Amino acid sequence: MKHYFYISLICTCLIVACSKDPNYLFEVENVEVNPASADKNRLKTDIEFVSIAYNDLYGQNISQGELDDIITVYKSFGDKSLVIEMIIRKFISNEDSQIPNINRESKQTVEQFVQETYETIFNRTPNAFEKWYLTDYIQNHQEIDAEMVYYALMTSNEYRYY
């Protein structure tokens with residue numbers, strides 16, 4: 001009899017010890033997260049793109065003659081992305097472009113450069129990740145200069161949209 005008592009006690013202990021904890025259900029609200037550029041859904045026309053790029057880099061409007069020349073070349077090529085890169089490269093490499101230098105004295109000055117560049121190029125402030133990432137990248141890669149940053153941002157898909 002004693003033997004059955006111990007066996008039943010062990011079985012009860014095993015059942016209690018091996019039983020699962022109750023399932024807890026945590027309800028979380030679904031949140032849709034969109035990139036900052038998600039609001040930009042209107043593609044710039046060819047003339048708008050060239051005019052805005054020129055104005056962003058030189059701080060003045062492009063002359064009608066130069067605009068006509070660039071648009072004629074732009075329309076004559078099939079690969080628009082290649083032509084866009086060439087136009088941006090030509091604008092950036094011109095000595096009259098008003099691209100500020102990157103001051104690497106402190107993280108704060110690099111952050112300020114990133115902030116001002118996003119406001120100039122994308123007409124918006126960078127989100128926290130964009131600001132951190134580009135600041136960190138510039139600080140850790142001394143070969144990166146302001147022209148490279150401007151080129152990368154101005155040839156991005158976001159720059160083609162309002």
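Not measured: the values here are computed from a predicted model.

Reading the values: rules and limits
- Residues numbered from 1 in each chain as written.
- Predicted model: local features only at pLDDT ≥ 70, side-chain atom pairs only at ≥ 80, totals over all residues.
- Heavy atoms only, no water.
- Helix = DSSP H or I, 4+ residues; strand = E, 2+ residues; numbered from the N terminus.
- Contact = heavy atoms within 4.5 Å.
- Salt bridge = Lys/Arg side-chain N within 4 Å of Asp/Glu carboxyl O.
- Buried < 20%, exposed > 50% of the residue type's maximum accessible area, 1.4 Å probe, protein only.

### Points about the environment of Ile 84
As for its placement among the helices and strands, Ile 84 is situated in helix 4 (residues 80-93). In sequence terms Ile 84 and Phe 49 are 35 residues apart; their C-alpha atoms lie 9.0 Å from each other. Once residues within four sequence positions are removed from consideration, Ile 84 is found in contact with Phe 49, Tyr 74 and Arg 160.

### Things to note about the pattern of salt bridges
Per the counting criterion, the structure on display carries three salt bridges. One salt bridge connects Lys 90 with Glu 66, and the closest N-O pair in it is separated by 3.8 Å. Here Lys 90, found in helix 4, pairs with Glu 66, found in helix 3 (residues 64-76); they are 24 residues apart in sequence, far enough to count as distant. Taking relative accessible area as the criterion, Lys 90 reaches 48% and is therefore assigned partly exposed. Glu 66 gets classed as partly exposed once you look at its relative accessible area, which sits at 27%. Between Glu 158 and Arg 124 there is a salt bridge, with the nearest N and O atoms lying 2.7 Å from each other. Residue Glu 158 is found in the segment after helix 7 (146-154), and its partner Arg 124 is found in the loop between helix 5 (107-122) and helix 6 (128-140); the two are separated by 34 residues along the sequence. A relative accessible area of 13% means that Arg 124 is categorised as buried. Residues participating in the shared-partner salt-bridge network are Arg 124, Glu 130 and Glu 158.

### Side note on the environment of Ile 71
Within the secondary structure, Ile 71 is located in helix 3. A residue is classified by how much of its surface remains accessible, and Ile 71, at 8% relative accessible area, is buried. Residues Ile 71 and Val 50, spaced 21 residues apart in sequence, show a C-alpha to C-alpha distance of 7.9 Å. Beyond its immediate chain neighbours, meaning those up to four positions away, Ile 71 contacts Asp 46, Ile 47 and Val 50.

These results come straight from atomic positions and should not be treated as a statement about function.
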